[in-house]
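# Architecture at a glance
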Amino acid sequence: MSLITTTNLAKSYGANDIFAGLSLSIPRRARIAVVGPNGIGKTTLLRVLVGLEEPSAGVVHRARRLKIGYLPQEAAMNGEHTLWEECMSAFKALCAQEAELARLEVAMGDPEQAQEAMARYGPLQEDFERRGGYTYELRTQQTLTGLGFEATDAQRPLNQLSGGQRTRALLARLLLSEPDLLVLDEPTNHLDMAAVEWLEGVLSHWEGAALIVSHDRYFLDHAVDHIWEMSTSGMEAYRGNYSAYLRQRQERWELRQQTFEAEKERLEKELDYIRRNIAGQNTLQAKGRLRRLSRYLEAIEIGGLQAIQDKKWSEISEETGATAQMMSVDEVTRRVHGLRSPIRRQPPLRLHLKPAHRSGDLVLRTYDLAVGYADEGKPLFHAPDLTLRRGECAAIIGPNGAGKTTFLKTLLGKIPPFQGELLLGASLEVGYFAQAHEDLNPFLTLIEEIESVAPHLLAAEIRDYLARFLFTEDDVYKRVSTLSGGERGRLALAKLSLSQANLLLLDEPTNHLDIPSQEQLQEVLSEYPGTILLVSHDRYLIDALATQVWEIEQANLRIFAGGYSAYRAYLETQKAEQASQTKAPAPASTQRPARLSVEEKHRRNRLADVEKRIASLEEQIGHIATLLEKPPPESETVQRLGEDYVELQNEIEVLLGEWESLQPEERLKLHLGAGDRNHQP
């Protein structure tokens, strides 16, 4: 039995039709994502399904005693009670049972009440345990940690939490309350990458159903098994995750286009026969065909071009029957020639990123770099020596507050390095996309904003240019302060496109963009001939673009040569190896370990430094080997890469000799050479 079913559901606000004719079903244990462009009505649909808004037409049927947990994009939570108390509200029944068990335990000490108390205690305790009464506090701690809360946050009042933290607090309470149906509107908006991955794991074991609106494509790949696509022509359902949806959608588009073209060709031939014979010897046959063609075109007028895809000519002719009047030859000709493809796609962003000129081969190099603010006394993170070459894309990931944006501002020269040296290559033109769009002037109109970076463009040219970013008609006169997050993102991309930069510093470029716009941006960036330094939580984008992954963790930056999926696979392998080592039995010892001498401490510290340096050099060698697999056309570049490779190998040989002298009794398995590109410190 389905949890929710709808029949011909419609919603309008005055004369504005949001959606119509939706007949849907949410089965038990379903994992469904609703996707579509911004403004198509996804949030409105969720609110109608959960009962927060009434439909304008149609019926919503919910299963009896259905328990729904709804997460809006912004949670309106407030109050003096703490985050912990908010989560405990999900366990009111368990807390009442716990209090009753405590009362019965006291009663069992009273001879007059003992027998009755013992009779009630056993079944109540069994039910309490079955429902998780002895683990709910641990589950709460795990949930808060998984969603990115610190231990100290649990006792903070809700009114002291930020808007994003309140949304996460509501999500925590919903997960703990275990509803039959989770309805989540953009649940990953306020989560960092680790929290999103934790949520994916929770949903993979979720006993109930989930209906999710999200623009996070990687999340949809791992959290859902059905996709509902909303568009101006209605709703279409696809089986599988986001990647499966992309394949199926393309197949449907191709099939519909082929069917449309074949049908239109047949109609053109039929029309040609009618025109040639309507006044000749075969006039009766031509008029019969004209009548049938009139019925067919009338059905298309009523049912839309989808009728061409779904039904044959004979079926439509019979359905319309005598209700359709025979059209004139000129009218039939006009309608046949006016038929358009049934595929309705959102107008794409017409974004072009083309450098004005080529940069040098070396784009970025750092030495002993630490990033942070001098007045804070300590850096946000330390980095090994970094190298970024022309044409590469390095993705910087890590938790919120780790220093990713600060790193980009350091590269821009807005903040000096906390420590070390940072060198930028020759002939660089830098384009910067700011996460908070602070480079947009809230008091300017869209036309004025574009004019500020392209004063040579005429007003009409600016209007045409903004239309490429889906700003049309009077939109161009809006002030920046009135724009939504997605509109600000598109305007920032419009300005970036005018920069003609050969090095792009992108800070969360897909934030607030709908999926069609994300897909278009990804396509443009994949064809961009310059160099990209990308800060993003969008794992789908990272996986598609990154040649390196730089992760900031515990105030250190770690380098991985490869894409995001390969990096996750590497981390899983490392985790499995560490787990197996942890499980290995440790040798028994009854003696207290001796205190290390000063010399031994120095030896171990130096050994650790040498090992760290060797690992860093190995990574650089692996990176060069990757470049040499598909060598650049310039012979000078190939020669320089070869010289760098030999120089790094020589330094490793020297360090290995020192390593052996520092640790003569054991041998560390170091994988040297170009084949081990994935080795990490």
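Residues numbered from 1 in each chain as written. Predicted model: local features only at pLDDT ≥ 70, side-chain atom pairs only at ≥ 80, totals over all residues. Heavy atoms only, no water.

## Points about helix α17 (residues 485–497)
Over its 13 residues, α17 runs 18 Å from end to end, which matches the ideal 18 Å to within 8%, given 1.5 Å per residue. Listed in full, the buried residues belonging to α17 are G486, E487, G489, R490, L491, A492, L493, A494, K495, L496 and S497. (Helix = DSSP H or I, 4+ residues; strand = E, 2+ residues; numbered from the N terminus. Expected span 1.5 Å × (residues − 1). Buried < 20%, exposed > 50% of the residue type's maximum accessible area, 1.4 Å probe, protein only.)

## Regarding the sheet that holds strand β10 (residues 234–239)
The strands making up a sheet associate through hydrogen bonds between their backbones, and the pairing can be parallel or antiparallel. Across the sheet, six strands lie side by side as β6-β7-β8-β4-β9-β10; this open sheet has mixed pairing. One side of each edge strand has no neighbouring strand; the edge strands of this open sheet are β6 (68–71) and β10. In this sheet, adjacent strand axes meet at a mean angle of 15° when their direction is disregarded. Two strands pair when backbone bridges link them, and strand β4 (residues 31–35) and strand β8 (residues 209–213) are joined in this way by four bridges, in the parallel orientation. (Pairing = 2+ DSSP bridges. Axes fitted to C-alpha atoms, helices over the stretch in contact; angles between N-to-C directions.)

## Here's the deal with the confidence of the model for the chain
Put simply, the chain has an average pLDDT of 82, and 87% of its residues get 70 or more. Predicted confidence is poor over residues 588–596, with pLDDT under 50, and the contacts of this stretch with residues over four places away or in other chains come to two contacts. Scored below 50 in pLDDT, residues 664–681 shows 37 contacts in the model against residues more than four places distant or in partner chains. (pLDDT = per-residue confidence, 0-100. Contact = heavy atoms within 4.5 Å.)

## Some words on the packing of aromatic side chains
Per the stated rule, a full pass over the model turns up 11 aromatic pairs. Relative to Y136, the ring of F91 lies with its centre 5.1 Å away and its plane at 45°, an arrangement referred to as tilted. Taken together, the residues span a long stretch of sequence, with F91 in the loop between α2 (83–88) and α3 (92–107) and Y136 in helix α5 (residues 136–146) at a distance of 45 residues. Y136 sits in the buried class, given a relative accessible area of 3%. Here the aromatic rings of F407 and W550 are separated by 6.4 Å at their centres, their planes lie at 45°, and the arrangement is tilted. Pair noted here: F407 is in helix α14 (residues 404–411) and W550 is in strand β19 (residues 548–553), with a separation of 143 residues, a long-range link. For W550, a relative accessible area of 0% gives the class buried. One aromatic cluster in this structure is built from Y238, Y242, Y245 and Y540. Geometry around Y238 places R252 over its ring, the cationic atom sitting 3.9 Å from the centre. Across from the ring centre of F471, 4.7 Å away, lies the NZ or CZ of R490, which sits over that ring. (Phe/Tyr/Trp six-rings, centres within 6.5 Å; stacked < 30°, edge-to-face > 60°. Lys NZ or Arg CZ within 6 Å of the ring centre and 35° of its normal.)

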